[in-house]
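Structural overview
Each chain, written out:
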Amino acid sequence: MEDYDVDEILRTRIIDVDESKWKPSDKIPLITKEIEQMKAEMRTFLKDSNFDLASVLSEGRELTAESKSLLEEMEACEAEIDKETLPEILKSMDNYDMLKKELESVNFSINILEDVLRIGTLLKSLNPDGGEVQSIVKSIGIATELMKYIEHPAEGVQDLQLFDNTKTLASLFKETYIQNMSSSWDQMVKYNTKPGTEVAIVELTLTLDKTIHTLDVLDAMCKVNKLNDKVVKFAQFLYREVLIPIMRYDCVVFAETDTYMTVTITYRENYKPNYMEVIGNLRLLLHFINNRFNIEVSKKKIPLITMIGKQIGVEFTDKLIRECLLDTIPHNINDLHTYGKVTNVVEDFERFLYHIKFFHDEEFSILDYVRNIDVLFATKSSLYYFETARTIMMKDLSLSMSIGVENIPEDSDKVESKSKDQTVEQALDELHHNIPKSLFYFPRCMISKSAQELLDLLYVLMEQAVQCSDVVCRKLYLTARFIFELYDAVVPYHHENFLQNIPQYVALFHNNCMYLAHNLQTFGDKWLNLMEGRQLGYLINFVDLTPKLRELGYRHLTMHMQQQRKQILDNIRSSDLNCIVVKDVLGDNAEAAIRQCLRQLHLLKNVWIGVFPSNVFIKLMATLVNMFIDELIHRVCTVEDISMEMATQLNEMYSLVVQKVPTLFPDGTDVNEYVKSWMKLQELVFVLGGSLKDIELHWNDGTGPLAEHFTTKELRSLIKALFQNTQFRANLLSKIK
């Protein structure tokens, strides 16, 4: 039946929405009619329905009656359980608790009896009647099992009176067996060192064999985890006291018998064994050990020699490579080409180590270092050249040699260009006109032989670099650069005292720096041309080091020049020349100071001439002489009053300077060109010995030599200091304005 909406029926059928007024009495017939209609539809629907409503209703009544009957039975059962069954259940639970406690008590007793019986059986097995009948392995197994029962007993066993005694006895048995095993090992493997300051002797006595007793001891030690400790101790002794000394010192390995070997270590200064000697001694030693340690332990299933190899194999190989094999790496390319004979020996030794089972990892190889042979060769070569260069740098600088050309051409003939490119021709022509030919010449002078030796070493280094792979070439190139930088650190420090006190050393060191810097200008280009076509990825160039080396030479020469200047000034200022104002007559120390300064300059001339290039010598000497003369002139020109006696003294002393100074130069006329104050000193000497009339003539109304070398103020001050106040002096002073 379709859903019946009452509200909809009332709204559409009973009540008209258009009606404004209606009464309930009017609508009751309509509602009654609608109800009757619905009843008729309901009867029709029930009649047409598939359900037998009468049977359903009847079945429902039967189920209700049956449910009530079951409910009554359940209530009867509940009453019967509460009355009879529940007391019986409670009584059963009490019986269960009592039985449980009795069972626990029985189990407790059984566990104690089982442990006591097992402990008794094991004790009897350890100490059987009639002496020992079982092997050490079996005995130690029994002792171990006994200790397991002692250390983890069943509950209550530890409270028995026999427990403490049994525990002590079991521990005693186990310790006794372990000590016996350790003693047996120590008897079979004996080793000791007899130390000495010059000679040490290591003794090895190995009596291990494959007899039943030996195997029994080894298996028993393995069972209690003591074998590995003994092997580790022996391996560490072998590595520390035997293997390392064989690699470092003069050793003699000698097997006197099958079971006894001695290793005699002799400590010799500056001695290191070569790789053939080291490998030969190692073969003898390991062969002797293998004869006694090539025994497999039943539990580990590996030989004792392999256990030793596992303990020290990695350290031994690393040490062998570092202490011995790396020394075989050559430092020159020719020896590198024949390095195969070394690798053959090492490879054969490696096969020997695998054969005796000292090495256990098949992927491990001593020859792994050869894979980086280029890097190792580069490192070895660099170290060799560094050490050699440092040794050269520390040689005596005074061992000198002549170098350079006597005359440096100022102009050069134009070089014809074969290039057809007009731009290239213009560039070469511009280069020809702007770069002097003298740039490529070094002036005649003296340098230390060590400087030339260092340069020759660097030529050898670079010749080797261009023949090597790119990795080695780059390393050696950087080494060459570092050697020049090392020069700055080593030479001034090592020769510090000489450079501070000996002028010849300063001159040679300066020339060395200039000579090396000169060669560095084109040093890189020579090798870059030989490497044409190679993809280097970096530029071979040493030009940037040129100013550094030049500055190094300048710096030390400047410091020495300042020291020489200070000595000259100290000589003058410590004499009466420093107190002309307060004296009428100079003491003898004034002339002595001047003579001392001249001797100092003469000594420098004797030391420097021929060592420095001539132009450098002249400029250095001119600098010191000019400073000396300036100081002498300053001493006189700043004085307000000079007596006649003092003027005569000054004239004589300064005349001595005028006489001696030209001899300080190769050509006496050089003093006129390079000493700026030279003419001024001569004019000062003239003024000190001349008259007012002579001074007037030399002044010549401001056009004479006095006017050229003295300022008006200096000349007026000199005249006032030297001459009394007369009318003639006043007239002369009035002219000098």
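As shown above, the structure is provided for reference.
Residues numbered from 1 in each chain as written. Predicted model: local features only at pLDDT ≥ 70, side-chain atom pairs only at ≥ 80, totals over all residues. Heavy atoms only, no water.

1. A look at the overall build of the protein chain
What the protein chain contains, in helices and strands, is 27 helices and six strands. Buried positions account for 39% of the 737 residues belonging to the protein chain. The long-range fraction of contacts in the protein chain, counting pairs at least 24 apart against all pairs at least 6 apart in sequence, stands at 74%. Summed over all atoms, the accessible surface of the protein chain reaches about 42900 Å², with 52% contributed by carbon and sulfur. (Helix = DSSP H or I, 4+ residues; strand = E, 2+ residues; numbered from the N terminus. Buried < 20%, exposed > 50% of the residue type's maximum accessible area, 1.4 Å probe, protein only. Contact = heavy atoms within 4.5 Å. Areas by Shrake-Rupley, 256 points an atom, 1.4 Å probe, with all protein chains shown as cover.)

2. Observations regarding the packing of helix α8 (residues 275-293) against helix α9 (residues 304-323)
Contact geometry for α8 and α9: axes closest at 11 Å, N-to-C directions at 165 degrees. Relative to α9, the element α8 is oriented roughly antiparallel. Crossing angle aside, the handedness with which α8 passes α9 is right-handed. Contacts between α8 and α9 involve Val-278, Leu-282, Ile-289, Asn-290 and Phe-293 from the former and Leu-304, Ile-305, Ile-308, Phe-316 and Leu-320 from the latter. (Axes fitted to C-alpha atoms, helices over the stretch in contact; angles between N-to-C directions. Parallel < 35°, antiparallel > 145°, perpendicular 65-115°, else oblique. Left-handed = near helix turned anticlockwise from the far one by under 90°.)

3. Some details on a nonpolar patch on the surface
On the surface, Leu-86, Ile-89 and Met-93 cluster together into a nonpolar patch covering about 270 Å² of accessible area. Along the polypeptide, Ile-89 turns up in helix α3 (residues 53-126). (Patch = residues over 30% accessible without salt bridge, like charges linked within 9 Å, V, L, I, M, F, W, Y side chains within 5 Å. Salt bridge = Lys/Arg side-chain N within 4 Å of Asp/Glu carboxyl O.)

4. Considerations on a negative patch on the surface
Among the surface-exposed residues, Glu-72, Glu-73, Glu-75, Glu-78 and Asp-82 lie close enough to one another that they form a single negatively charged patch. Locating Glu-78 in the fold gives a position in helix α3. (Lys, Arg positive; Asp, Glu negative; His and termini not counted. Charge placed at Lys NZ, Arg CZ, Asp CG, Glu CD.)

5. Structural notes on the sheet that holds strand β1 (residues 189-194)
Spatially, β1-β2-β4-β3 is the arrangement adopted by the four strands of the open sheet, whose pairing is antiparallel. Strands with a single pairing partner mark the edges of an open sheet, and in this sheet they are β1 and β3 (250-255). If you compare each strand with its neighbour and ignore which way they point, the axes differ by 10 degrees on average. Two strands pair when backbone bridges link them, and β1 and strand β2 (residues 199-206) are joined in this way by six bridges, in the antiparallel orientation. Residue pairing across strands places Lys-190 opposite Thr-205, the latter belonging to β2. Of the strands in this sheet, β1, β2, β3 and β4 (260-266) touch α8, which is tilted by about 30 degrees from β3. (Pairing = 2+ DSSP bridges.)

6. Describing the packing of aromatic side chains
This model, assessed by the stated rule, comprises 19 aromatic pairs. Judged by centre distance (5.4 Å) and plane angle (70 degrees), the rings of Tyr-354 and Phe-359 are edge-to-face. With a centroid separation of 4.7 Å and an interplanar angle of 15 degrees, the aromatic rings of Phe-498 and Tyr-505 are classed as stacked. Judged by its relative accessible area of 37%, Phe-498 falls in the partly exposed class. One aromatic cluster is present, built from ring pairs that chain together Trp-185, Tyr-191, Phe-234, Phe-237 and Phe-293. Taking the ring centre of Tyr-271 as reference, the NZ or CZ of Arg-268 above it sits at 4.0 Å. Geometry around Phe-710 places Lys-680 over its ring, the cationic atom sitting 5.3 Å from the centre. (Phe/Tyr/Trp six-rings, centres within 6.5 Å; stacked < 30°, edge-to-face > 60°. Lys NZ or Arg CZ within 6 Å of the ring centre and 35° of its normal.)

7. Considerations on helix α23 (residues 678-689)
Between its terminal C-alpha atoms α23 stretches 17 Å, which fits the 16 Å expected from 12 residues at 1.5 Å a residue. Residues of α23 that are buried include every one of Trp-678, Lys-680, Leu-681, Glu-683, Leu-684, Val-685, Val-687 and Leu-688, and no others. In this fold, the buried residues of α23 make contact with α20 (614-637), α21 (644-660), α22 (670-674), α24 (692-699), α25 (705-709) and α26 (712-722). (Expected span 1.5 Å × (residues − 1).)

8. Some words on the pattern of salt bridges
Counting across every chain of the model gives 21 salt bridges. Note that Asp-250 and Arg-268 form a salt bridge whose closest N and O atoms lie 3.0 Å from each other. You can see Asp-250 sitting in strand β3 and its partner Arg-268 sitting in the loop between β4 and α8, a full 18 residues away along the chain. Given a relative accessible area of 17%, Asp-250 falls into the buried group. Judged by relative accessible area, Arg-268 falls into the partly exposed class, the value being 43%. Of the charged contacts in the structure, one is a salt bridge between Glu-591 and Arg-595, with a shortest N-O distance of 3.0 Å. Of this pair, Glu-591 and Arg-595 are both found in helix α19 (residues 588-608), four residues apart, which corresponds to roughly one turn of the helix. Given a relative accessible area of 37%, Arg-595 falls into the partly exposed group. Each of Arg-248, Lys-272, Lys-319, Glu-323 and Asp-327 takes part in salt bridges that share partners, so that together they form one network.

9. Section: the side chain of Thr-306
When you line up the elements, Thr-306 lands in helix α9. Residue Thr-306 is classed as buried on the basis of its relative accessible area, which comes to 6%. Those residues in contact with Thr-306, other than ones at most four positions away along the chain, are Lys-357 and His-360.

10. Side note on unusual backbone geometry
Located in the positive-phi region is Asn-270, a residue other than glycine, with phi close to 55 degrees. Tracing the backbone through its elements, the reader meets Asn-270 in the loop between β4 and α8. In this model, Asn-700 sits at a positive phi of 50 degrees, which is unusual for a non-glycine residue. As for its position among the elements, Asn-700 is in the loop between α24 and α25. Take Asn-700: its relative accessible area is 42%, and that puts it in the partly exposed class.

11. Quick look at the environment of Tyr-249
Along the polypeptide, Tyr-249 turns up in the loop between α7 (227-248) and β3. Along the backbone, Tyr-249 and Thr-266 are 17 residues apart, and their C-alpha atoms lie at a distance of 6.4 Å. The contact partners of Tyr-249, leaving out residues within four places of it in the chain, are Ile-265, Thr-266, Tyr-267, Tyr-271 and Pro-273.

12. Quick word on the pairing of β2
Where β1 hands over to β2, the hairpin turn is made up of four residues, counted between the paired strands. Bridge analysis of β2 against β4 gives seven bridges, and the strand direction is antiparallel. Its bridge partner lying in β4, Val-199 is registered against Thr-266.

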